[in-house]
Every structure is written in C-alpha cells, then in structure tokens.
Amino acid sequence: MRITEVEALYLRLPQIQARTDSSQDALLVRITTDAGIVGWGEVDSCPWAVKAAIEAPVSHTIAGGLRQLLIGENPLEIGRLWKKMYEATLYSGRDGLFVHAMAGIDLALWDIKGKALGRPVWDLAGGKFRDKIRVYASNMFRFTPEETADRVRWCKDQGFTAAKFGWEPFGRADLAFDLRMLEAMRKAAGPDFDLMLDVGLVWDATTTIQRARAFEPFGLYWIEEPLHPDDLEGYGRVAARIHQRLAAGEEECTLRGFKRLIDEGGIGLAQIDLTRCGMTQALAIAAYAAAKGIPVANHNFTTDINTAASLHFLAAVPNALVLEYCVEPSEISRALAKNPFKLEDGCFRIPEEPGLGVEPDPALIEKYLVRQL
Ligand code: MG
C-alpha cells in the first residue's frame, strides 16, 4: 500500500469571534492510498499555517513541506514516517507548528493502519484497559456568574457528571468576582458534581497560591493552567503549596515539553492534545507520566476526530483519568462526524470500529470548506 495524496482541509464558521475558542474552525488531514483506504486526522493549531506546513514544496533537505515527504510511502510504517518528517523539518520544526502538522498526519496514518488491519486503533496500541471512560463537559466561562450557573445546570441536564469552565472573564478581575463565580457554579452543581477550573494563563505563582487557598471550600477537581506555560519554576512553587490537583500540557506537543512540565513544573495531571502531539508521541508521553506516577487526560476543544483519537488513546494507557469533550455549540465541532459519540451514564464507550472509527460528513465539509482566504 502506498500514500497517493495528503490534503489539509480548512473548515471555518462564517463568523469567527475573537475569543479563546478553537471550536470555531478546524484543520482536517485526509490521506489517500492506492488501496482505496482513506485516513482522517485533525490539527488544533493555526490552521492556515498548518496547511502551508503540509503543502509546501521541498526547499532543501531539512526545510520543506510534509506532503512531498509522504507521497509514495507505505502508510503502515508510522514510526519511521514520524522520524522522516521530524528529520526533514529540523529548521522549521522540532516543536510547535510543524509538530502539530505531523500530529494530524500521524492520526490519519493510525486510522489507515486500523482500517487496513480491520482493528481499532487502541488494539494496535497494545489493547485496552477499559471499555468506557468518564467524560467531562468542557465550556468557556459565560460573562456573569448567573449565566455560568445556568450552563452548569445545562451540563447536568445533558447527563454529564463533571464540567470544566475556562478563560475570560474568570481570573481577569478581582478575587471577589472569582469567588462569586465559583459560588454560583457550586450552588448550581450541588455537592456530587465535579467542577474543574481552567484559569487560562493569567496569574503569577503568588497569586495562584493565594487564590487556590481561597477556592478550597469549592472542592475543585483540578486547577488548570493558572500560569504561563514558560513559567516552570512558578508551576513548581505552586504545585508544592496548593492542595488541588494542578493540570497543564495543552501548549506542549513533544515528550521533551511534557518532561519539563512534569519534572520541573510538578504538575499532577498531564493534558495531551492528540491533534498537537499525535498518537505516536501521546503514547510515549503517557508512559513517561505513568513512570512518574501522574495520570493523563486529553485536551480536546475541536471535532470528533480529536474525540475519537482521545478515546483510543485513553483506552490504551493505564493512567487515564477522564476525557475532555467540548460542548460549545459550533456545528463544525459537534456535527462533523456522521456517527457522533453518545453519553451513557456520564461516559463514552471506547470505539470498536476499525481505525479511529469516526467518519466525517462530506456535506458538512463542503458547507464550511475554505478554498481561498
Ligand atoms: Mg485548557
């Protein structure tokens, strides 16, 4: 079997709001083979730049686009192709955008391999530790405590047993506003519903320690990314001084980056975005985290390709905690799959279909595809 085409498809809502919400567009990777098998991947990054990273022609041997490296290759040799892409992008890659693009390609290759062998991706990754996994509803904060409390009630009504709220306006005003927000959320949630807090990178270590102590009565399941991802020393100070679980990782896309976060930052949960790390690296990162006694979760604020990849990944590692599932209403995120995931007792079942087990709807792709900016 040989790869005949590698495409980057950019989908975008007609109106994009300037907020920290990556569900408003999507970059899909479609790899075609001469056996008629098509693999799907996704990248959550700067979509048009990822498209360029994939489609660019060769410049020289360590600076070129990814597509031209893959045409004619055997798609089943996933590890070797990862190394080929990594070595051929040493100037432009090794971290960030080019690794994100490689991750989307990597997911499509795992999808192809599963379809070719008639097995789900978790089986190719060593088998599964579980048949289902608990799902938490991932939300943006609403503007007021009352609106956010309404959203907590909505999440409960949908059948979720946990929900996360993140980013603006939380953490951007004074402590009194943050306390009003958490009070309203806990009141709406009741005592038996887990609440996670995603601060969104705005505090220093001292502010984080002060606020985490003030938040203790609300029983938060974790506190996510209060500090800038470069402030590893600050993460280390926070981790040693607060009682809540400290979660981070969505800005990282390499084992090297997660090693720093775990070893220097002292985090208590590694959040791995499959559409930035790829399946190949995610499995290695989870193994490293397991060796350090740390659980992993996914990061997922995009489509059900990400959700499917995350389900296979979290099924195949021993130290999986929960699955993140974006419930923002973008049609691109929530309606891309012809076979969307269904919540049962607050969980998603692990897919049994060959490959990633998710099939994008061609009509939705046609509706939102951007051909030229
Ligand atoms: Mg986050």
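Each chain carries its own residue numbering, running from 1 in the direction its sequence is written. Predicted model: local features are reported for residues with pLDDT of at least 70 only, side-chain atom pairs are reported and counted for 80 or more only, and whole-chain, interface and lining totals are derived from all residues. Side-chain measures here rest on the full set of heavy atoms in the structure, leaving out hydrogens and waters.

Next up on the list: the coordination of the magnesium ion. Any N, O or S atom lying within 2.8 Å of the metal counts as a donor, with the limit raised to 3.2 Å for Na, K and Ca; because water is left out of the atom set, some sites can appear incomplete. Distances from the magnesium ion to its protein donors, namely Asp 198 (OD), Glu 224 (OE) and Glu 250 (OE), fall within the range 2.0 to 2.2 Å. Motif for the magnesium ion, donor spacing along one chain: D-x25-E-x25-E. With Asp 198 in strand S8 (residues 194-198) and Glu 250 in the loop between strand S10 (246-248) and helix H10 (255-263), this residue pair connects regions lying 52 residues apart in the sequence. Exposure is judged per residue with a 1.4 Å probe applied to protein chains only, and the accessible area is read against the type maximum: over 50% gives exposed, under 20% gives buried, and values in between give partly exposed. Glu 250 gets classed as buried once you look at its relative accessible area, which sits at 9%. A run of H or I in DSSP becomes a helix once it reaches four residues, and a run of E becomes a strand once it reaches two; helices and strands are each numbered from the N terminus.

This part takes up the nonpolar core. Membership of the largest hydrophobic core comes to 119 residues, with the highest contact counts inside it found for Ile 105 and Phe 313. The biggest single contributor to this core is helix H4 (residues 97-117), with ten residues. Residue-level mapping places this core at the junction of two domains, with at least three residues from each of domain 1 (3-120 + 362-368) and domain 2 (124-349). Dropping the residues within four chain positions of it, Ile 105 is found in contact with Val 6, Val 29, Ile 31, Ile 54, Leu 66, Leu 70 and Met 85. One finds Tyr 136, Met 196, Leu 269 and Val 322 within the second-largest nonpolar core, a separate group that totals eight residues. Residue types Ala, Val, Leu, Ile, Met, Phe, Trp, Tyr and Cys, when buried and joined through side-chain atoms within 4.5 Å, form a set referred to as a nonpolar core. Annotation comment: domain bounds sourced from an automatic or database domain assignment. It only takes one pair of heavy atoms within 4.5 Å for two residues to be counted as in contact.

The next point concerns the environment of Cys 326. Here Cys 326 shows up in strand S13 (residues 323-326). A residue is classified by how much of its surface remains accessible, and Cys 326, at 0% relative accessible area, is buried. A sequence separation of 25 residues divides Cys 326 from Phe 301, and the C-alpha atoms of the two residues are 5.0 Å apart. With residues up to four places along the chain from it excluded, the contact list for Cys 326 reads Ser 23, Ser 138, Asn 300, Phe 301, Thr 302 and Arg 334.

This part is about the sheet that holds strand S1 (residues 3-12). Pairing between sheet strands relies on hydrogen bonds along the backbone, with the strands arranged either parallel or antiparallel. Taken in spatial order, the three strands of this open sheet run S1-S2-S3, and their pairing is antiparallel. On the outer flanks of this sheet lie S1 and strand S3 (38-43), each paired with one strand and no other. Pairwise comparison of adjacent strand axes, ignoring direction, gives a mean angle of 20 degrees for this sheet. For two strands to count as paired, DSSP must find a minimum of two bridges between them. In this structure, strand S2 (residues 25-33) lies alongside S3, joined through six bridges in antiparallel fashion. The residue of S3 that forms the bridge with Thr 32 is Val 38. Against the sheet, H4 touches S1, S2 and S3, its axis set at about 150 degrees to S3. Here the axes come from fitting lines to C-alpha atoms, over the contacting stretch only for helices, and the angles between their N-to-C directions go from 0 to 180 degrees.

Moving on to the domain arrangement of the protein chain. As assigned here, the protein chain comprises domain 1 (3-120 + 362-368) and domain 2 (124-349). The straight-line distance from the C-alpha centre of domain 1 to that of domain 2 is 25 Å. The term salt bridge refers to a side-chain nitrogen of Lys or Arg lying within 4 Å of a carboxyl oxygen of Asp or Glu. With its nearest N and O atoms 2.8 Å apart, the salt bridge here joins Glu 331 to Lys 367. Pairs of N or O atoms within 3.5 Å make up the polar contacts considered here, provided that, within protein, one atom can donate a hydrogen while the other can accept it, and that residues adjacent in sequence are counted only when both atoms are side-chain atoms. Counting across the domain 1 and domain 2 interface gives 16 residue pairs in polar contact (both at pLDDT 80 or more). Looking at the side of domain 1 that touches domain 2, the element that brings in the most residues is H4, giving nine residues. Here the residues of the side of domain 1 that touches domain 2 are counted per class, giving 19 nonpolar, eight polar and twelve charged. Charged residues are taken to be Asp, Glu, Lys and Arg, nonpolar residues to be Ala, Val, Leu, Ile, Met, Phe, Trp, Tyr, Cys and Pro, and polar residues to be all remaining types, Gly included.

It is worth spelling out the pattern of salt bridges at this point. A side chain of one charge can pair with a side chain of the opposite charge when the charged atoms of the two come close. Tallying each qualifying case throughout the model produces 27 salt bridges. A salt bridge links Lys 83 to Glu 87; its shortest N-O distance comes to 2.9 Å. Separated by four residues within a single helix, Lys 83 and Glu 87 lie in helix H3 (residues 78-87), roughly one turn from each other. Take Lys 83: its relative accessible area is 49%, and that puts it in the partly exposed class. In this structure Glu 87 comes out as partly exposed when scored by relative accessible area, which is 32%. In this structure, Arg 119 and Asp 123 form a salt bridge, with 2.5 Å as the shortest nitrogen-oxygen distance. When its relative accessible area of 36% is taken as the criterion, Arg 119 is described as partly exposed. Its relative accessible area of 29% is what places Asp 123 among the partly exposed residues.

Of note, the bond from Glu 168 into Pro 169 is cis; its omega dihedral lies within 30 degrees of zero at 10 degrees. Relative to the helices and strands, Pro 169 resides in the loop between strand S7 (162-166) and helix H7 (175-189). Positive phi values are uncommon outside glycine, yet Leu 201 reaches one of about 70 degrees. Within the element layout of this structure, Leu 201 appears in the loop between S8 and helix H8 (205-214).

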